[in-house]
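# Summary of the model geometry
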Amino acid sequence: MNKTRRAVLQSSTGFSVMALAAANGLFSTGAFAQTPAASKLVAEWNKAAFDTKSLQATATALGGGPAIESREIIISAPDIAEDGRVVPLNVTSKLAKTEAIAILVEKNPNSLAANFAIPEGTEPFVKTAVKMGQSSNIHALVKADGKYYFATREVKVTLGGCGG
């Protein structure tokens, strides 16, 4: 099969699948971007928060006061990660009125790895993967009802992921 024809067929097949999915309501066309919290996060990139080196500095940069430890935040991650380039984790908040969930890796060059807005009416749960340069504590920093809370879990890394 000639390369041009193959490229056209691949792109048109992908487009067709996406169009069918959108027609069946499988995509929310911009609903997330239309929420006030999400619009604010998209409009304002908080570079200072991503440049922080500690949990409390991150909470302050995100606009909060000191974070309080909470058992209402659950971090699911492996005890030992064989490859620090991709460490899977889940964070669930059982705190009422959860507005945001941030993930920090304590010993990474920049501790804030991700920050998720949680729109009102959605389940306060995130699933992602982070890169870890070495064994470290992972912190989940949750904003709920205007206050900041955190939970911590240690993850040991056998092969580092940052720096190479």
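Cut-offs used in this document
Residues numbered from 1 in each chain as written. Predicted model: local features only at pLDDT ≥ 70, side-chain atom pairs only at ≥ 80, totals over all residues. Heavy atoms only, no water. Pairing = 2+ DSSP bridges. Helix = DSSP H or I, 4+ residues; strand = E, 2+ residues; numbered from the N terminus. Axes fitted to C-alpha atoms, helices over the stretch in contact; angles between N-to-C directions. Salt bridge = Lys/Arg side-chain N within 4 Å of Asp/Glu carboxyl O. Buried < 20%, exposed > 50% of the residue type's maximum accessible area, 1.4 Å probe, protein only. Contact = heavy atoms within 4.5 Å.

Here we come to the sheet that holds strand β7 (residues 125–130). In spatial order, the strands read β2-β4-β7; together these three strands make up an open sheet with antiparallel pairing. In this open sheet, the two edge strands, each paired with only one partner strand, are β2 (73–76) and β7. Pairs of neighbouring strands in the sheet enclose a mean axial angle of 20 degrees, with direction left out of account. Pairing between β2 and strand β4 (residues 87–93): four bridges, direction antiparallel. Note that in β4 the partner of Ile-75 across the bridge is Val-91.

All told, the structure shown has four salt bridges when counted by the stated rule. Arg-153 is paired through a salt bridge with Asp-79; the nearest N and O atoms lie 2.7 Å apart. Residue Arg-153 is located in strand β9 (residues 147–157), and its partner Asp-79 is located in the loop between β2 and β3 (80–81); the two are separated by 74 residues in the primary sequence. On the basis of relative accessibility, which here comes to 53%, the residue Asp-79 falls in the exposed class. Note that Lys-143 is salt-bridged to Glu-99, the shortest N-O span being 3.6 Å. Of this pair, Lys-143 sits in strand β8 (residues 136–144) while Glu-99 sits in strand β5 (residues 98–105); the two residues are 44 residues apart in sequence, bridging distant segments of the chain.

Another aspect to go through is the pairing of β4. Looking along a regular strand, one sees the side chains alternate between the two faces of the sheet. Of the two faces of β4, only the one carrying Val-87, Leu-89, Val-91 and Ser-93 is buried; Pro-88, Asn-90 and Thr-92 on the other face are not. Relative to β7, β4 runs antiparallel, the two being bridged by six bridges. Residue pairing across strands places Thr-92 opposite Phe-125, the latter belonging to β7.

What follows concerns the environment of Pro-78. Looking at the secondary structure, you find Pro-78 in the loop between β2 and β3. Each residue touching Pro-78, except ones within four places of it in the same chain, is listed here: Val-87, Pro-88, Arg-153 and Val-155.

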